[in-house]
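Coordinate inspection notes
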Amino acid sequence: SSGINAEYGDVEKEDIEEAFSEFGSIRYVRMVYDHEKDRPKGIAFLQFDEKSDADSCLERVSVRPLCIGGRTIAVKKAVDSKQLTMPENKSHGNKGKDNRNLHLATEGIIKEGTNAAAGISKADIMKRKLALEAKKKKLKNINFFVSTDRLCVRNMPSTFSETDLKQLMSKYGHVVQVKIMRDIKQANSAGIGKSKGYGFVQFSKHEAALTALRATNNNPSIFTAQKRPIVDFSIENSGILNARSKKKSGFIVEEKSSKVKKSFNQRWKEKREKRKESGAFTKPPASSQSALSSKPEKTASNKKKSKCKTQVKESLGQSQSSGPKRDLKNDTSSSINTVLSSQPQKLAKRK
């Protein structure tokens, strides 16, 4: 194993990197934090790229102790997590579990006076100090946490677009989302606001985000030597993220329910329109319309009744036209009786 466990006092991460860099190339330095007191515990884990560098470091420290900031550092070989026994792991339980990913808050921090700060302009050093103070202030609130796959990129030129940022970060892994914060009040003719100089990049995996951070942070070849990228893991607000997720899920439920709740009239109109489109409501031909509109032919019984009525009217007309006035009631009754009495004779002749 190329890992080393170093016990130190009030020493910064950059000081540890500077002290151990003489033995070889360092892959990472991870400091252990006391989350209750919000400060380092005085223990750090350091890993070299080569195992031989770690061995030479241990040999040197065993003969001549290493001093950082006037303090003697105790250096030991780190134990692999696979070599730990199960009872020891169970005894610790979930004590000191980092639910807010605070161990990632130190990634990308560069302080003045360290080797990493060599060549950085005073303006960039001041920006880094202000960003660090704002980060510490936010993390005092338990609702804020450090994202594992979303980076915050500061100190960008005003002409640096979302396409440029995505192209830069896609070299290190799959980029899910890129967003540059803009001032809408200072929009150009195309309606795009002026860049505020910082943005966010979200990766699909934590490893890709960590690689991109270490490759682009304080890199003088990306923008300019006097204006270098300031990259660290984004600080997120759990309350805002929960509210957004609830709002999004509520909108989906409301949309589904609105599709289900349709009135009878709406469903009937939709069916009617579909039938019209399919041609179910076509007009019948002219021949069928004339047949439907024509009156039905008279039957034999209807013909006989109409003849009786005409005979009665004719008899009444003749009686009114000739002679003095007579009792119309008696005349109509007698004429009806004569007509009715003549019908059975006709029926008998037919038989």
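Residues take numbers from 1 onward in each chain, read along the sequence in its written order. In keeping with the predicted nature of the model, local features appear solely for residues at pLDDT of at least 70, side-chain atom pairs appear and are counted solely at 80 or more, and the whole-chain, interface and lining totals rest on all residues. No hydrogens and no water enter the side-chain calculation; it runs on all heavy atoms of the structure.

1. A short note on the sheet that holds strand 6 (residues 144–154)
The following threshold applies: A strand pair is defined by DSSP finding two or more bridges across the two strands. Secondary structure is summarised from DSSP: a helix means a run of H or I of at least four residues, a strand means a run of E of at least two, and numbering begins at the N terminus for each. Interaxial angle, 0 to 180 degrees, is taken between N-to-C directions of lines fitted to C-alpha atoms, where a helix line uses only the stretch in contact. Here a residue-residue contact requires only that any non-hydrogen atoms of the pair lie within 4.5 Å.
If you trace the 4 strands from one edge of the open sheet to the other, you get 7-8-6-9, paired in antiparallel fashion. At either end of the open sheet lies a strand with only one pairing partner, and these are strand 7 (175–187) and strand 9 (230–237). The average undirected angle you get between the axes of adjacent strands in this sheet is 35°. Inspection of the sheet shows strand 6 paired to strand 8 (residues 193–203) by 4 bridges, in the antiparallel sense. Across the sheet, cysteine 152 pairs through a bridge with phenylalanine 200, a residue of strand 8. Contacting strand 6, strand 8 and strand 9, helix 6 (residues 206–216) crosses the sheet at an angle of about 140° to strand 9.

2. Focus on the side chain of arginine 128
If you trace the backbone, arginine 128 turns up in helix 4 (residues 122–139). Here arginine 128 is in contact with Gly108, Ile110, Ile120, Asn217, Asn218, Pro229 and Ile230, once residues within four sequence places are set aside.

3. Remarks on the pattern of salt bridges
How we decide: When a carboxyl oxygen of Asp or Glu lies within 4 Å of a side-chain nitrogen of Lys or Arg, that pair is called a salt bridge. A simple rule labels every residue: compare its accessible area, found with a 1.4 Å probe on the protein chains alone, to the largest value its type can have, and call it buried under 20%, exposed over 50%, or partly exposed in between.
Taken as a whole and judged by the stated rule, the model has 9 salt bridges. Here glutamate 22 ties to arginine 60 by a salt bridge, and the two come within 3.5 Å at their closest N and O atoms. In this pair, glutamate 22 sits in the loop between helix 1 (13–20) and strand 2 (26–34) while arginine 60 sits in helix 2 (residues 51–63), placing the two residues 38 residues apart along the sequence. With relative accessibility at 52%, the residue glutamate 22 sits in the exposed group. Salt bridges here are not isolated pairs; linked through shared partners, they connect Lys135, Arg154 and Asp232.

4. Let's talk about helix 8 (residues 264–278)
Put simply, the rule reads: Expected span, for any helix, means 1.5 Å times one less than how many residues it has.
If you check helix 8, its first and last C-alpha atoms are 21 Å apart, about what 15 residues at 1.5 Å a residue would give, namely 21 Å. Phi turns positive, to about 90°, at glycine 279, one or two residues after helix 8.

5. Some words on the packing of aromatic side chains
Stated formally: In this scheme Phe, Tyr and Trp rings, the latter by its six-membered ring, pair at centre separations within 6.5 Å, and the angle between planes marks the pair as stacked below 30 degrees, edge-to-face above 60, and tilted otherwise. Put simply, a charge is over a ring when the Lys NZ or the Arg CZ is close to the ring centre, within 6 Å, and near the line of the ring normal, within 35 degrees.
Per the stated rule, a full pass over the model turns up 3 aromatic pairs. Lying over the aromatic face of tyrosine 28, arginine 30 brings its terminal NZ or CZ to 5.1 Å of the ring centre. It is arginine 150 that lies over the ring of phenylalanine 200; its NZ or CZ is 4.3 Å from the centre.

6. What to know about the confidence of the model for the chain
The criterion, for reference: Residue-level confidence of the predictor is summarised by pLDDT, bounded by 0 at the bottom and 100 at the top.
Mean pLDDT over the chain stands at 76; residues scoring 70 or higher make up 67%. This model gives residues 84–93 a pLDDT under 50, and the stretch forms 2 contacts once residues within four places in sequence are excluded. Within the model, the stretch residues 332–336 combines pLDDT values under 50 with 4 contacts to residues more than four positions away or in other chains.

7. Observations regarding the nonpolar core
Threshold: Residues grouped as a nonpolar core are buried Ala, Val, Leu, Ile, Met, Phe, Trp, Tyr and Cys residues, joined through side-chain atoms within 4.5 Å.
Grouped together as the largest cluster of nonpolar side chains are 27 residues, with contacts concentrated most on Val146, Leu151, Leu165, Met169, Val201, Phe203 and Phe233. Mapped by element, the contributors of at least two residues to this core are strand 6, helix 5 (162–169), strand 7, strand 8, helix 6 and strand 9. Filtering out sequence-adjacent residues up to four positions away, phenylalanine 203 remains in contact with Asp149, Leu151, Met169, Gly173, His174, Val175, Val176, Ala208, Ala209 and Ala212. The next biggest cluster of nonpolar side chains, apart from the first, holds 18 residues, and it includes Phe20, Phe23, Leu46 and Val61.

8. Focus on the environment of alanine 215
By the element assignment, alanine 215 lies in helix 6. Sequence spacing of alanine 215 and tyrosine 172 is 43 residues, and the spatial spacing of their C-alpha atoms is 8.7 Å.

9. Notes on unusual backbone geometry
Of note, the phi angle at asparagine 155 is positive, near 70°, even though the residue is not glycine. Among the secondary structure elements, asparagine 155 is positioned in the loop between strand 6 and helix 5.

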